[in-house]
Amino acid sequence: MVQWLFFGRVGGLSFLYECQRGFNYQQKCGLVNVKLKWVKDRALDAVVTGERDIRAAWVLVSIISSTSRQCVPIYYLSRHRGQLGLPHDLKLSTFVRRYPTVFRESHVFDSGGTLVPCFSLTPEALELHQEELDVAEQNQMDLVNRLRKLLMLTRDRTLPLQTVDQLKWDLGLPYDYHHSLIPLRPEFFSLVHLPDKRDGLKLLSWDDELAVSELQKNAALQQNEEDVKNGCLAFPIGFTRGFGLKRKCMEWLREWQRLPYTSPYSDALHLDPRTDVSEKRIVGVFHELLHLTIQKRTERKNVSNLRKPLALPQKFTKVFERHPTIFYISKKNDTQTVVLREAYDHQQLLQRHPLVEIRERFASMLRKGLLDRSRGLYKKSAGPGLEQDRSNDVFGDEMTDNQCSSEESDCNLFSEYDSDDSIHDRC
């Protein structure tokens, strides 16, 4: 059972209110050489399990529904293979056939006269996708503000579209947001050409009302006037069962929580990157970034290329490992997913965006199709020539799939942490 420790008006933890007592705030105090251990959290692992397949299926549904005929040959879907994040050795046709409650298979002749698989959506999948579009339309301003705040976190208020694309699932943005959403808000956004010749998204106006972090909002709601006045806001933390902190680690954590909090929306160029004060600002940046996501989590590789836009120092992602009481790194799905601990009570997401319910229904639809298929329910109803399980058949997508590769490798988990020589004292 996760025990939450909110550093506020809690008996026995009042020392965190004494922000000015017994601690040196000067930046000459360097990073404390401490590293907290990683402990498996089965509840948070469970909320991440299956995320890759859900996201990949969502991309395919969006692609198929956007076509005029809404029936797409496998070789067309294979062109988008890099967006799916599927294992290299998994054929795309095999993946699609796992979920007959979502995808319906037929066959068409290509220009060479070869019979190739063609996939459309089931009526249930189409209906749910339309519901998702309706919910996104009803919450358009909320999604716009999430995107605005993301850009406000960056130094130049600009991000490459490729970077935004990697985060669009987490932010709840429509698949084709750069066509369906951005043009509708010319007062906020502009598509620009970056110096490296990539396309980028630029924020045109700053909004002081939006430039308030979630931690600052919560402090104001709880009326912790002393914390707000001194700027010593502490992050809510949680321990996994069996975590167990050594005394020196607990003392370091207490002192670290007493440090001044720097808003992720403010200029931090004056901070020395070699200090705990700077590290707390980095933690605040990712604390806010995860709050911008609708499920309070994202894959670590999605933030790995944000160092320059967010004006962060080298090896900035080590804060995920140094602060496992704030962030949890799940290694499920052959990748690393960073989860904001405070956002969950066991497996229950505390703040539920309307799109989360749609995704949960979609996940349930996928699971039902996978289970029914494993029971053989779809073999009997298949058309001529499809009575057998064809998951290992070779179709026209085989050559295309073998030539495609994911954008990043998910191998060697935590290899970069193992090479971090500056952090060696484990607790």
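Residues numbered from 1 in each chain as written. Predicted model: local features only at pLDDT ≥ 70, side-chain atom pairs only at ≥ 80, totals over all residues. Heavy atoms only, no water.

Concerning the pattern of salt bridges
- For the structure shown, the criterion picks out 21 salt bridges.
- A salt bridge links Arg297 to Glu51, with the nearest nitrogen and oxygen atoms 2.8 Å apart. With Arg297 in strand 9 (residues 297-299) and Glu51 in helix 2 (residues 51-66), the pair connects residues that are 246 residues apart, well separated along the chain.
- Arg297 gets classed as buried once you look at its relative accessible area, which sits at 6%.
- We note a salt bridge from Asp276 to Arg322, for which the minimum N-O separation is 3.7 Å. In this pair, Asp276 sits in helix 12 (residues 276-292) while Arg322 sits in helix 14 (residues 318-322), placing the two residues 46 residues apart along the sequence.
- Here Asp276 falls in the buried class, since its relative accessible area comes to 8%.
- Three or more residues are tied together by salt bridges with common partners; here these are Arg52, Asp53, Arg98 and Asp334. (Salt bridge = Lys/Arg side-chain N within 4 Å of Asp/Glu carboxyl O. Helix = DSSP H or I, 4+ residues; strand = E, 2+ residues; numbered from the N terminus. Buried < 20%, exposed > 50% of the residue type's maximum accessible area, 1.4 Å probe, protein only.)

Digging into the nonpolar core
- Grouped together as the largest cluster of nonpolar side chains are 105 residues, with contacts concentrated most on Phe95, Phe103 and Phe286.
- For this core, the leading source of residues is helix 2, giving nine residues. (Core = buried A, V, L, I, M, F, W, Y, C linked by side-chain atoms within 4.5 Å.)

Brief notes about the packing of helix 11 (residues 247-258) against helix 12
- Contact pair helix 11 / helix 12: the axes reach a minimum separation of 10 Å and the direction vectors enclose 75 degrees. Of the possible angle classes, the one that applies to helix 11 and helix 12 is roughly perpendicular. The segment helix 11 lies against helix 12, with Trp252, Trp256, Gln257 and Arg258 engaging Asp276, Glu279, Lys280 and Val283. (Axes fitted to C-alpha atoms, helices over the stretch in contact; angles between N-to-C directions. Parallel < 35°, antiparallel > 145°, perpendicular 65-115°, else oblique. Contact = heavy atoms within 4.5 Å.)

Quick look at helix 6 (residues 140-153)
- Relative to the 20 Å expected for 14 residues at 1.5 Å per residue, helix 6 spans 20 Å between its end C-alpha atoms, a close match to the ideal helical length.
- Among the 14 residues that make up helix 6, 12 are buried, leaving the element largely enclosed by the rest of the structure.
- The complete set of buried residues in helix 6 reads Gln140, Leu143, Val144, Asn145, Arg146, Leu147, Arg148, Lys149, Leu150, Leu151, Met152 and Leu153. (Expected span 1.5 Å × (residues − 1).)

Quick notes on the sheet that holds strand 10 (residues 327-330)
- Taken in spatial order, the three strands of this open sheet run 9-11-10, and their pairing is antiparallel. Looking at the sheet topology across the chains shown, the edges are occupied by strand 9 and strand 10. Each strand of the sheet is rotated relative to its neighbour by a mean of 20 degrees, with strand direction disregarded. (Pairing = 2+ DSSP bridges.)

A short note on the environment of Pro117
- Considering the arrangement of structural elements, one finds Pro117 in strand 4 (residues 115-121).
- Looking at Pro117, the relative accessible area reads 0%, which means it is buried.
- Sequence spacing of Pro117 and Val72 is 45 residues, and the spatial spacing of their C-alpha atoms is 8.5 Å.

Thoughts on helix 11
- For helix 11, which comprises 12 residues, the first-to-last C-alpha distance of 17 Å matches the rise-based estimate of 16 Å (1.5 Å per residue) to within 8%.
- When helix 11 is considered as a whole, its buried residues turn out to be Cys249, Trp252, Leu253, Trp256, Gln257 and Arg258.
- Each element contacted by the buried residues of helix 11 is listed here: strand 8 (237-239), helix 12 and helix 14.

Focus on unusual backbone geometry
- One non-glycine residue, Arg157, lies in the positive phi region at around 55 degrees.
- In this fold, Arg157 is placed in the loop between helix 6 and strand 5 (158-160).
- Take Arg157: its relative accessible area is 27%, and that puts it in the partly exposed class.
- For Asp334, which is not glycine, the phi torsion reads 60 degrees and is therefore positive.
- Structurally, the position occupied by Asp334 is in the loop between strand 10 and strand 11 (337-340).

A short note on the environment of Thr298
- Inspection of the secondary structure puts Thr298 in strand 9.
- Taking the relative accessible area as the measure of exposure, Thr298 reaches 3% and is therefore buried.
- The sequence separation of Thr298 and Leu171 amounts to 127 residues, and the corresponding C-alpha distance is 9.4 Å.
- Here the side chain of Thr298 touches Asp170 through a polar contact of 2.6 Å, side chain to side chain. (Polar contact = N/O pair within 3.5 Å; in protein donor to acceptor, adjacent residues only side chain to side chain.)

Here's the deal with the packing of aromatic side chains
- Per the counting criterion, the structure on display carries 11 aromatic pairs.
- On the basis of an interplanar angle of 25 degrees and a centroid distance of 5.8 Å, the ring pair of Phe235 and Trp256 is categorised as stacked. Taken together, the residues Phe235 in the loop between helix 10 (225-230) and strand 8 and Trp256 in helix 11 connect sequence positions 21 residues apart.
- Ring geometry for Phe286 against Phe316: centres 5.7 Å apart, planes inclined by 10 degrees, an arrangement best described as stacked. Here the residue Phe286 occupies a position in helix 12, and Phe316 occupies one in the loop between helix 13 (300-303) and helix 14, the gap between them amounting to 30 residues.
- Classification of Phe286 by relative accessible area gives buried; the value is 1%.
- On the accessibility criterion, Phe316 (5% relative accessible area) is buried.
- Geometry around Trp256 places Lys280 over its ring, the cationic atom sitting 5.7 Å from the centre.
- The side chain of Arg359 reaches across the aromatic face of Trp169, ending 3.6 Å from its centre. (Phe/Tyr/Trp six-rings, centres within 6.5 Å; stacked < 30°, edge-to-face > 60°. Lys NZ or Arg CZ within 6 Å of the ring centre and 35° of its normal.)

Such coordinate-based values are descriptive only and should not be taken to indicate function.
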